[in-house]
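# Close look at the chain arrangement
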Amino acid sequence: MTIATTTSEHHEAHPDLRVWGLLTFLASESLMFGGFFATYLFFKAITPVWPPEGMEVELFVPTINTVILVSSSFVIHLGDVAIKKNNVKGMRLWYGITAIMGAIFLVGQVYEYTNLGYGLTTNVFSNCFYILTGFHGLHVFVGLLWMLNVLWRSRVPGHYSATNHTGIEMAEIYWHFVDIIWIVLFTLVYVLNIF
């Protein structure tokens, strides 16, 4: 004897493949960043002076950027908590604040680039520096666009709710990934080169 299941019961039995797709994508991005980190550490290990003489790594602006980016992970989570309580306005508020924090991070990165005194092709250190921070900056920009997309879609009544919020959760997962990568990058490229 077989028992028929309703569509909703059948749907709940299977995980959302969009989330699995995102997690697979983030796993591949983790491998790419891992390769960049390994390359950076390899060159650091074989180079007698790293960073080279005259190639100072400033810590002030990147530290402010780190505080902003790590804090934004807590802020975006408040948006997820709000939508799970069916509070669309609260979600918009927290996602809007997170988007502003992401934009400030990018402005800080551009400010840092314009004041470094060396470019992408100056030497191996500068090449590694710009590729790591630039590739991460690209991920921050994509996350910012994703948040703006969530905010745009939230204009439609009922698009997001306590029972329909996968897009919001996926944006949050992506943003946490961006933050974790930055913490590793900040430690390797900035903190370890100062001390």
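Model, not experiment: these values are computed from the prediction. (Residues numbered from 1 in each chain as written. Predicted model: local features only at pLDDT ≥ 70, side-chain atom pairs only at ≥ 80, totals over all residues. Heavy atoms only, no water.)

Within the chain, the secondary structure is distributed over six helices and zero strands. Element order for the chain, N to C, with α for helix and β for strand: α-α-α-α-α-α. Projected onto the principal axes, the alpha-carbon positions of the chain cover approximately 75 × 40 × 25 Å. Split into buried and exposed, the 195 residues of the chain put 41% on the buried side. Of the contacts formed within the chain by residues at least 6 apart in sequence, a portion of 79% connects residues at least 24 apart. Carbon and sulfur atoms make up 71% of the accessible area of the chain, which amounts to about 10900 Å² in all. (Helix = DSSP H or I, 4+ residues; strand = E, 2+ residues; numbered from the N terminus. Buried < 20%, exposed > 50% of the residue type's maximum accessible area, 1.4 Å probe, protein only. Contact = heavy atoms within 4.5 Å. Areas by Shrake-Rupley, 256 points an atom, 1.4 Å probe, with all protein chains shown as cover.)

Attention now goes to a nonpolar patch on the surface. Taken together, the side chains of L138, F141, V142, L145 and L148 make up a nonpolar region of the molecular surface, amounting to roughly 430 Å² of accessible area. Within the fold, V142 resides in helix 5 (residues 124-153). (Patch = residues over 30% accessible without salt bridge, like charges linked within 9 Å, V, L, I, M, F, W, Y side chains within 5 Å. Salt bridge = Lys/Arg side-chain N within 4 Å of Asp/Glu carboxyl O.)

Take the pattern of salt bridges next. Scanning all chains against the criterion turns up two salt bridges. Here D80 makes a salt bridge to K84, at a shortest N to O gap of 3.1 Å. Within this pair, D80 and its partner K84 are both found in helix 3 (residues 60-84), separated by four residues, close to a single helical turn. Ionic pairing is found between E169 and K84, a salt bridge with its closest N-O pair at 3.0 Å. Highlighted residues: E169 in helix 6 (residues 166-194) and K84 in helix 3, separated in sequence by 85 residues. Classification of E169 by relative accessible area gives partly exposed; the value is 24%. We classify K84 as partly exposed; its relative accessible area is 41%. Each of the salt bridges in this network shares a partner with another, and the network as a whole consists of D80, K84 and E169.

What follows is about the UniProt feature "transmembrane region" (unreviewed entry) in the chain. In the numbering used here, UniProt assigns the "transmembrane region" (unreviewed entry) feature to residues 20-43, 63-81, 93-111, 131-152 and 173-192. With 100% helix and 0% strand, residues 131-152 has its two end C-alpha atoms placed 31 Å apart. (UniProt positions renumbered as here; feature names shortened; annotations may be inferred.)

Here we take up unusual backbone geometry. With omega at -5°, the peptide bond leading from W50 into P51 counts as cis. Position of P51 relative to the elements: it lies in the loop between helix 2 (17-46) and helix 3. In this structure, N86 is a non-glycine residue whose phi angle is positive, near 65°. Mapped onto the elements, N86 comes out in the loop between helix 3 and helix 4 (88-114).

Let's shift gears to the nonpolar core. Of all hydrophobic cores here, the largest spans 47 residues; its most connected members are M91 and Y95. Where this core is concerned, the elements lending two or more residues are helix 2, helix 3, helix 4, helix 5 and helix 6. Looking at which element gives the most residues to this core, the answer is helix 6, with 14 residues. (Core = buried A, V, L, I, M, F, W, Y, C linked by side-chain atoms within 4.5 Å.)

This part is about helix 6. The periodicity of an α-helix, 3.6 residues per turn, causes residues three or four places apart in sequence to face the same way. Taking 1.5 Å per residue as the helical rise, helix 6 with its 29 residues ought to reach 42 Å, and the 41 Å between its terminal C-alpha atoms agrees with that figure. Along its length, helix 6 shows its largest kink, about 35°, at T187. (Expected span 1.5 Å × (residues − 1). Bend = angle between axes of the 7 residues up to and from the residue.)

The next point concerns the side chain of T133. Take T133: it is sitting in helix 5. Discounting chain neighbours no more than four positions away, the residues touching T133 are Q109, Y113, L185 and Y190.

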